[in-house]
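The residues making up each chain are set out below.
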Amino acid sequence: DAGVIQSPRHEVTEMGQEVTLRCKPISGHNSLFWYRQTMMRGLELLIYFNNNVPIDDSGMPEDRFSAKMPNASFSTLKIQPSEPRDSAVYFCASSLRRKDNEQFFGPGTRLTVL
Amino acid sequence: AQTVTQSQPEMSVQEAETVTLSCTYDTSESDYYLFWYKQPPSRQMILVIRQEAYKQQNATENRFSVNFQKAAKSFSLKISDSQLGDAAMYFCAYNQGGKLIFGQGTELSVKP
């Protein structure tokens, strides 16, 4: 199994540009999570999906952020327009929705907004 | 709301020695899971160990073990025979209802 795949691994963009981060979960997993990691705020859950349906998006910072999961093998996190304070590492994780809910993390995307 | 607190931003241990990382959490639930994740400089998040709240026996994975005190809401990680490869950020996490809530992390350095 290839694990959770994220692309790109690094993204540098200018303020005001649209950014799209991509995630392919582990095959067979039915829950998908997007996290953001910064020095100031640590690891924060942004949104998670069960069976492709968004369950909790209370962590999404503002309307500039949106996430979709059109099918069980693909999800996107979009920021439009991007701002320098969005600079962070964004992780995608997936799991089988079961009691212990062990989450498997992707390698992360380091986003820098200039 | 559930919260997770790691009171030690940094810890240091001599190679081959034992170190304990602290974690406390706050919850009103009775059934939940707790995890320790390791994040080396590669930034990959790696699961180290997990504990189910209903199990009184402390979880153990090779050199890693936990001291789970449910009444005190404490979940510490003990690393025995520390190795240079153990140097990383360690995050305690609480899981209930499908969400992971992380502590702020403890950066562990291992001295040769």
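Everything below is about the structure printed above this text.
Residues numbered from 1 in each chain as written. Chains lettered and ligands numbered in written order. Predicted model: local features only at pLDDT ≥ 70, side-chain atom pairs only at ≥ 80, totals over all residues. Heavy atoms only, no water.

(A) Geometry of the packing of aromatic side chains. Under the definition given, this model contains 16 aromatic pairs over all chains. An angle of 35° between the planes, with centres 5.4 Å apart, marks the rings of tyrosine 35 of chain A and phenylalanine 105 of chain A as tilted. Of this pair, tyrosine 35 of chain A sits in strand E4 (residues 31-38) while phenylalanine 105 of chain A sits in strand E10 (residues 104-105); the two residues are 70 residues apart in sequence, bridging distant segments of the chain. Summarising the aromatic geometry, the rings of tyrosine 25 of chain B and tyrosine 32 of chain B are spaced 5.4 Å apart at their centres and angled 70° between planes, so their arrangement reads as edge-to-face. These aromatic residues form a ring-pair network of at least three members: Phe33, Tyr35, Tyr48, Phe91 and Phe105 of chain A together with Tyr33, Phe35, Tyr37, Phe91 and Phe102 of chain B. A cation over a ring is seen here: lysine 70 of chain B above tyrosine 54 of chain B, with NZ or CZ 4.9 Å from the ring centre. (Phe/Tyr/Trp six-rings, centres within 6.5 Å; stacked < 30°, edge-to-face > 60°. Helix = DSSP H or I, 4+ residues; strand = E, 2+ residues; numbered from the N terminus. Lys NZ or Arg CZ within 6 Å of the ring centre and 35° of its normal.)

(B) A look at the sheet that holds strand E3 (residues 19-24) of chain A. All names here are of chain A. Strand order across the open sheet formed by 4 strands is E1-E3-E8-E7, with antiparallel pairing between neighbours. Where the open sheet ends on each side, the last strands, each with one partner, are strand E1 (5-7) and strand E7 (65-71). Recorded for the sheet is a direction-independent mean angle of 15° between the axes of neighbouring strands. Pairing analysis gives 5 bridges linking E3 to strand E8 (residues 74-79), with the strands arranged antiparallel. Counterpart to valine 19 in the pairing with E8 is isoleucine 79. (Pairing = 2+ DSSP bridges. Axes fitted to C-alpha atoms, helices over the stretch in contact; angles between N-to-C directions.)

(C) Region of interest: the interface of chain B and chain A. Contact with chain B, which involves 19 residues of that partner, is made by 28 residues of chain A. Between chain B and chain A, the buried area comes to about 1900 Å², and carbon and sulfur atoms account for 46% of it. Where chain B touches chain A, the interface holds 1 salt bridge. Summed over the shared surface of chain B and chain A, the number is 7 residue pairs in polar contact (both at pLDDT 80 or more). Only strand E5 (33-39), strand E6 (46-52), strand E10 (88-96) and strand E11 (99-102) of chain B provide two or more residues apiece to the side of chain B that touches chain A. Here the side of chain B that touches chain A takes 4 residues from E5 of chain B, the largest share from any one element. A class-by-class count of the residues in the side of chain B that touches chain A yields 8 nonpolar, 6 polar and 5 charged. (Contact = heavy atoms within 4.5 Å. Buried area = accessible area lost by both parts, 1.4 Å probe. Salt bridge = Lys/Arg side-chain N within 4 Å of Asp/Glu carboxyl O. Polar contact = N/O pair within 3.5 Å; in protein donor to acceptor, adjacent residues only side chain to side chain. Nonpolar A, V, L, I, M, F, W, Y, C, P; charged D, E, K, R; others polar.)

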